[in-house]
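# Fold and geometry: a report
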Amino acid sequence: EDKVVQSPLSLVVHEGDTVTLNCSYEVTNFRSLLWYKQEKKAPTFLFMLTSSGIEKKSGRLSSILDKKELFSILNITATQTGDSAVYLCAELIQGAQKLVFGQGTRLTINP
Amino acid sequence: DVKVTQSSRYLVKRTGEKVFLECVQDMDHENMFWYRQDPGLGLRLIYFSYDVKMKEKGDIPEGYSVSREKKERFSLILESASTNQTSMYLCASLTSGGNYEQYFGPGTRLTVT
């Protein structure tokens, strides 16, 4: 069973800081890696990464995948209090078409 | 917009009761999922279904069953609720047509007393 591990589990920074969240995965049946943001309700989709080395960007958020080292990072620059959330990464399993989630990183942005 | 709805946002049940959680999606997605989310454990897959009347066990199926009689509806059943099933339950759907964005419902917070 593929496993996804996120680090850190919790992070507290000040508004304006840049943060990097990490996600490592096992490769047995890898297809893609997905990032989600979860505030008070259900997770909302951020990025899907399938190819190594290609950065995906949306505003202050960006993400990249390294298929050789089996990890992905999510960067948030110039953080705002509205970025406070749990960030989840998930591996999409080839064939089975299901997602295996990491534990999540709880990010808190203090004003 | 993809819409995934769940029948209840909050539910309180007694130990031993039979509990039905309903999930409906309106985007004709083939794949549907039930997760539970607990602090420190992330999202754990209970069951998923890739077609009508088809189901597969996820990582923690014990104590649960599912039903998928129609493509748009996926039900999670707790045959005899127990206190360790107190959790947030999230339903999701996923298209298999190349774009693998998974869309979540709003969640049902179930408390078993």
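Scroll up a little and you will see the structure.
Residues numbered from 1 in each chain as written. Chains lettered and ligands numbered in written order. Predicted model: local features only at pLDDT ≥ 70, side-chain atom pairs only at ≥ 80, totals over all residues. Heavy atoms only, no water.

Residues and elements named next belong to chain B. Counting across every chain of the model gives 8 salt bridges over all chains. When the shortest N-O distance is used, the salt bridge between aspartate 38 and arginine 36 registers 2.8 Å. In this structure arginine 36 comes out as buried when scored by relative accessible area, which is 8%. One salt bridge in this structure joins arginine 44 and aspartate 38, with 2.8 Å as the shortest N-O distance. The exposure class of arginine 44 is partly exposed, given its relative accessible area of 24%. Among the residues examined, aspartate 38 registers a relative accessible area of 12% and is labelled buried. What emerges from the salt-bridge pattern is a single network uniting Arg36, Asp38 and Arg44. (Salt bridge = Lys/Arg side-chain N within 4 Å of Asp/Glu carboxyl O. Buried < 20%, exposed > 50% of the residue type's maximum accessible area, 1.4 Å probe, protein only.)

Cis geometry is found at the peptide bond from A:Ser7 to A:Pro8, where omega equals -10°. By the element assignment, A:Pro8 lies in the loop between strand S1 (4-7) and strand S2 (10-14). Phi is positive for A:Ala78, which is not a glycine, with a value near 45°. The exposure class assigned to A:Ala78 is partly exposed, which follows from its relative accessible area of 38%. Positive phi, normally seen in glycine, also occurs at B:Asp28, with a value near 60°. Mapped onto the secondary structure, B:Asp28 falls in the loop between strand S3 (19-25) and strand S4 (31-38). Owing to a relative accessible area of 52%, B:Asp28 belongs among the exposed residues under this scheme. (Helix = DSSP H or I, 4+ residues; strand = E, 2+ residues; numbered from the N terminus.)

With that settled, the discussion passes to the sheet that holds strand S1 (residues 4-6) of chain B. All names here are of chain B. Here we have 4 strands laid out as an open sheet, ordered S1-S3-S8-S7, and antiparallel in their pairing. Of all the strands in the sheet, the pair left with one neighbour each is S1 and strand S7 (64-70). In this sheet, neighbouring strand axes are inclined to one another by 20° on average, regardless of whether the strands run parallel or antiparallel. In this sheet, strand S8 (residues 73-78) lies alongside S7 in antiparallel orientation, the contact comprising 5 bridges. Within S8, the residue paired with serine 67 across the bridge is serine 75. (Pairing = 2+ DSSP bridges. Axes fitted to C-alpha atoms, helices over the stretch in contact; angles between N-to-C directions.)

This part covers the interface of chain A and chain B. Contacts between chain A and chain B engage 19 residues on the former and 21 residues on the latter. At the boundary of chain A with chain B, total buried surface from both sides reaches about 1700 Å², with 59% on carbon and sulfur atoms. Applying the counting criterion to the chain A and chain B interface returns 1 residue pair in polar contact (both at pLDDT 80 or more). For the side of chain A that touches chain B, the elements supplying multiple residues, two or more each, are strand S4 (30-38), strand S5 (44-49), strand S9 (85-93) and strand S10 (99-101) of chain A. Here the side of chain A that touches chain B takes 4 residues from S4(A), the largest share from any one element. (Contact = heavy atoms within 4.5 Å. Buried area = accessible area lost by both parts, 1.4 Å probe. Polar contact = N/O pair within 3.5 Å; in protein donor to acceptor, adjacent residues only side chain to side chain.)

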